[in-house]
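In case you want the letters, here they are:
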Amino acid sequence: AAGVIQSPRHLIKEKRETATLKCYPIPRHDTVYWYQQGPGQDPQFLISFYEKMQSDKGSIPDRFSAQQFSDYHSELNMSSLELGDSALYFCASSGPDRGGTFGSGTRLTVV
Amino acid sequence: QKEVEQDPGPLSVPEGAIVSLNCTYSNSAFQYFMWYRQYSRKGPELLMYTYSSGNKEDGRFTAQVDKSSKYISLFIRDSQPSDSATYLCAMILLTGGGNKLTFGTGTQLKVEL
């Protein structure tokens, strides 16, 4: 069965650079969620989209923005990167079955 | 107070033991309940989800939901070293304008030989 696809798997950026993470949800899932997970921490909710509209916002820095496109894929844009942004970034989607499924994540390292 | 509270770990059990992982929640509007397993440096893997009170069984795993007490549990029978991971409970709130997925903080489980 198709899963949530995230790209890239790994990303290394320098401070103050910009990064774009992509998420392709499971087909027919109507909600996409973005989470940030630091080492040894539980996932922190950033933002979610329902039917391509922002539906909820968590602890997402102003330097970050996200959107969901007409094909339902979502992108998380991160600007002016800081060392503290180094983390695993997960995307999840949920749909009629409501069992939210996660992608494998993007490991962002800011140097 | 967090909307979802999860028993803190770490939890260490011998191989073959029955493990009980628990979460409580405060918002009675939560409608879907999930358990995820997360190995180090991997994404959370959906183990079980349910939407009604009662028990749901899948192999060695049983998910239990008690909506009247706002309490959910995951039982692991005949625990194996490969079950060593962090277990996260999660709940979905359905709203007209979108769905909200809320996690517990996770319980780290270690199954020892």
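Residues numbered from 1 in each chain as written. Chains lettered and ligands numbered in written order. Predicted model: local features only at pLDDT ≥ 70, side-chain atom pairs only at ≥ 80, totals over all residues. Heavy atoms only, no water.

Draft legend 1. The arrangement of the overall build of chain B in detail. Each helix and strand in chain B was counted, giving 0 helices and 11 strands. From first element to last, N terminus to C terminus, chain B shows the α and β order β-β-β-β-β-β-β-β-β-β-β. Expected size for 113 residues packed as a compact globule is a radius of gyration near 13 Å; at 14 Å, chain B falls within 12% of this value. Across its three principal axes, chain B shows a C-alpha extent of roughly 50 × 30 × 25 Å. Every one of the 113 residues in chain B was classed for burial, and the buried ones make up 44%. Considering only intrachain contacts with a sequence separation of at least 6, the fraction spanning at least 24 residues in chain B is 54%. (Helix = DSSP H or I, 4+ residues; strand = E, 2+ residues; numbered from the N terminus. Rg over C-alpha atoms; globule rule 2.2 N^0.38 Å. Buried < 20%, exposed > 50% of the residue type's maximum accessible area, 1.4 Å probe, protein only. Contact = heavy atoms within 4.5 Å.)

Draft legend 2. Structural detail: the packing of aromatic side chains. Evaluation of the coordinates by the stated rule reveals 11 aromatic pairs over all chains. Seen from their ring centres, Phe64(A) and Tyr89(A) are 6.5 Å apart, and the 65° between their planes marks the pair as edge-to-face. Note that Phe64(A) is positioned in strand β7 (residues 64-68) and Tyr89(A) in strand β9 (residues 87-94), a separation of 25 residues in sequence. Using a relative accessible area of 5% as the deciding quantity, one classes Phe64(A) as buried. Between Tyr32(B) and Tyr51(B), the ring centres sit 5.7 Å apart and the planes meet at 55°, which makes this aromatic pair tilted. Separated by 19 residues along the polypeptide, Tyr32(B) in strand β4 (residues 32-38) and Tyr51(B) in the loop between β5 (45-50) and β6 (54-58) bring together distant segments of the chain. Taking the relative accessible area as the measure of exposure, Tyr32(B) reaches 16% and is therefore buried. Assessed through its relative accessible area of 53%, Tyr51(B) is described here as exposed. An aromatic cluster of three or more residues is present, and its members are Tyr35(A), Phe45(A), Phe90(A), Phe102(A), Tyr36(B) and Phe103(B). Across the ring face of Tyr49(B), the terminal group of Lys56(B) is positioned such that the distance to the ring centre comes to 4.4 Å. (Phe/Tyr/Trp six-rings, centres within 6.5 Å; stacked < 30°, edge-to-face > 60°. Lys NZ or Arg CZ within 6 Å of the ring centre and 35° of its normal.)

Draft legend 3. Region of interest: the pattern of salt bridges. Here the structure, examined in full by the defined rule, presents 6 salt bridges over all chains. Glu45(B) is paired through a salt bridge with Arg37(B); the nearest N and O atoms lie 3.1 Å apart. Judged by its relative accessible area of 34%, Glu45(B) falls in the partly exposed class. In this structure, Glu57(B) and Arg77(B) form a salt bridge, with 3.3 Å as the shortest nitrogen-oxygen distance. Pair noted here: Glu57(B) is in strand β6 and Arg77(B) is in the loop between β8 (71-76) and β9 (85-95), with a separation of 20 residues, a long-range link. When its relative accessible area of 58% is taken as the criterion, Glu57(B) is described as exposed. A cluster of three or more residues bridged by salt bridges with shared partners is formed by Arg63(A), Glu82(A) and Asp85(A). (Salt bridge = Lys/Arg side-chain N within 4 Å of Asp/Glu carboxyl O.)

Draft legend 4. Fine view of the interface of chain B and chain A. Listed as interface residues are 22 residues of chain B and, on the opposing side, 23 residues of chain A. Taken over both partners, the interface formed by chain B and chain A buries close to 1700 Å², and the fraction arising from carbon and sulfur atoms is 56%. Summed over the shared surface of chain B and chain A, the number is 0 salt bridges. Summed over the shared surface of chain B and chain A, the number is 3 residue pairs in polar contact (both at pLDDT 80 or more). Only β4, β5, β9 and β10 (98-103) of chain B provide two or more residues apiece to the side of chain B that touches chain A. The greatest single-element share of the side of chain B that touches chain A, amounting to 5 residues, is contributed by β10(B). Tallied by class, residues from the side of chain B that touches chain A come to 11 nonpolar, 8 polar and 3 charged. (Buried area = accessible area lost by both parts, 1.4 Å probe. Polar contact = N/O pair within 3.5 Å; in protein donor to acceptor, adjacent residues only side chain to side chain. Nonpolar A, V, L, I, M, F, W, Y, C, P; charged D, E, K, R; others polar.)

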